[in-house]
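# Structural characterization, general
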Amino acid sequence: MKILVVEDEERVAQFIQKGLQEEGHAVDVSADGEDGGFLAEVNDYDLIILDLMLPKKNGLQVCREIREHGIITPVLMLTARDSVEDKVRGLDAGADDYLAKPFAFEELLARVRALLRRQSETKTPTLKIADLELDPMSRQVTRSGKAIRVTTKEYALLEYLLRNPNKVLSRTLIGEHVWDMNFDPESNVIDVYISHLRTKIDKGFEPALIHTLRGQGYILSDNAPHS
Ligand code: CA
């Protein structure tokens, strides 16, 4: 992930940068609000860590401006004071989370992880084929706009099918991706789950989406395959 750190205290900035780099992130550092705001608008970051007290422009101003310019990147605000008032002002300015200095790096990391997770979820678009839709964020499944209730395992199986439409998926492949690497491809568990899913998403709807290819596996498609 690509992260921008806007922090004028060099020691703190380096500490954050080094720690996040060790976690595998790409980290840009900026030492004032003007430059930081500029970088936030010209580059596509996954997260911005923004100090509150900054030269040239403070963190609240920077946050407000980038939000006004349509940048929806999550912002984690840092401040030396742990006051409710600062927190509220930060959140009002468009920050997503708040961390008071001094902080333990583990806490920063936990918040970074939570914000990045939220970010990647919102970036995941709805999966669809014909009129069947699956929203990875709310975990809602609908067909023709009608909500369909699925179990956790059925959901996982359907999500895998929807991420691989029009592809023949063998039982071995499905087993590895939806169950685990030790899945026994000889078992009939997949066929049982496919049959449940069919009842839920295909029964009473046109066209049928889940197709069986004898001896090969399954395929999710709105065109009936020739077998
Ligand atoms: Ca500062």
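Here is what the cut-offs are and how they apply
Residues numbered from 1 in each chain as written. Predicted model: local features only at pLDDT ≥ 70, side-chain atom pairs only at ≥ 80, totals over all residues. Heavy atoms only, no water. Helix = DSSP H or I, 4+ residues; strand = E, 2+ residues; numbered from the N terminus. Rg over C-alpha atoms; globule rule 2.2 N^0.38 Å. Buried < 20%, exposed > 50% of the residue type's maximum accessible area, 1.4 Å probe, protein only. Contact = heavy atoms within 4.5 Å. Areas by Shrake-Rupley, 256 points an atom, 1.4 Å probe, with all protein chains shown as cover. Lys, Arg positive; Asp, Glu negative; His and termini not counted. Charge placed at Lys NZ, Arg CZ, Asp CG, Glu CD. Domains from an automatic or database assignment. Pairing = 2+ DSSP bridges. Axes fitted to C-alpha atoms, helices over the stretch in contact; angles between N-to-C directions. Donors = N, O, S within 2.8 Å, 3.2 Å for Na, K, Ca; no water. Right-handed = clockwise from strand over helix to strand, strands pointing away.

## Regarding the overall build of the chain
For the chain, the helix and strand inventory stands at eight helices and 11 strands. Taking 227 residues into account, the globule formula puts the C-alpha radius of gyration at 17 Å, and the chain, at 24 Å, lies well above it. If one aligns the C-alpha atoms of the chain with their principal axes, the spans along those axes are about 70 × 35 × 30 Å. By the burial criterion, 43% of the 227 residues in the chain qualify as buried. The contacts of the chain with a sequence gap of at least 6 include a subset with a gap of at least 24, amounting to 54%. Of the accessible surface of the chain, which amounts to about 12500 Å², a share of 49% is contributed by carbon and sulfur atoms. The chain carries 29 positive and 38 negative side-chain charges, and their two centres are separated by 6 Å.

## Details of the domain arrangement of the chain
The assigned domain composition of the chain is domain 1 (2–121) and domain 2 (127–220). Computed from C-alpha atoms alone, the centre-to-centre distance between domain 1 and domain 2 is 40 Å.

## Observations concerning the sheet that holds strand β2 (residues 26–30)
Taken in spatial order, the five strands make up an open sheet running β2-β1-β3-β4-β5, and their pairing is parallel. Each edge of the open sheet is held by one strand with a lone partner, namely β2 and β5 (97–100). Adjacent strand axes in the sheet meet at a mean angle of 20° when their direction is disregarded. Pairing between strand β1 (residues 2–6) and β2: five bridges, direction parallel. What sits directly across from valine 6, in β2, is serine 30. Each of β1, β2 and β3 (47–51) touches helix α2 (residues 33–42); the most contacted strand, β1, lies at about 165° to it. In the packing of helix α3 (residues 59–68) onto the sheet, the strands contacted are β3 and β4 (75–79), and the crossing angle to β4 comes to about 170°.

## Remarks on the coordination of the calcium ion
In the first shell of the calcium ion, the protein supplies Asp8 (OD), Asp51 (OD) and Met53 (O), at 2.1 to 2.3 Å from the metal. Sequence positions of the donors to the calcium ion reduce to the motif D-x42-D-x1-M. Taken as a pair, aspartate 8 in the loop between β1 and α1 (10–22) and methionine 53 in the loop between β3 and α3 lie far apart in primary sequence, 45 residues in all. By relative accessible area, aspartate 8 is classed as partly exposed at 33%.

## Observations concerning the pairing of β3
Of all five residues in β3, five are buried; the element is thus mostly enclosed. Residues Leu47, Ile49 and Asp51 line one face of β3 and the alternating positions Ile48 and Leu50 line the opposite face, and both faces are buried. In this structure, β1 lies alongside β3, joined through four bridges in parallel fashion. Across the sheet, isoleucine 3 pairs through a bridge with leucine 47, a residue of β3. Pairing between β3 and β4: four bridges, direction parallel. Of the residues in β4, the one forming a bridge with isoleucine 48 is valine 75. As a crossover connection, the stretch from β3 through α3 into β4 is right-handed.

## Notes on the sheet that holds strand β8 (residues 140–143)
Taken together, the four strands give an open sheet; going across it, the order is β6-β7-β8-β9, and neighbouring strands pair in antiparallel fashion. Two strands bound the open sheet, and with one partner strand each, they are β6 (127–129) and β9 (146–148). Taken over all neighbouring pairs, the strand axes of this sheet differ in orientation by 20° on average, direction set aside. Where β6 and strand β7 (residues 132–135) come together, three bridges link them in antiparallel fashion. In the sheet register, leucine 127 faces β7, and the bridge partner there is leucine 134. Lying on the sheet, helix α6 (residues 152–163) is in contact with β6, β7 and β8; it crosses β7 at an angle near 110°.

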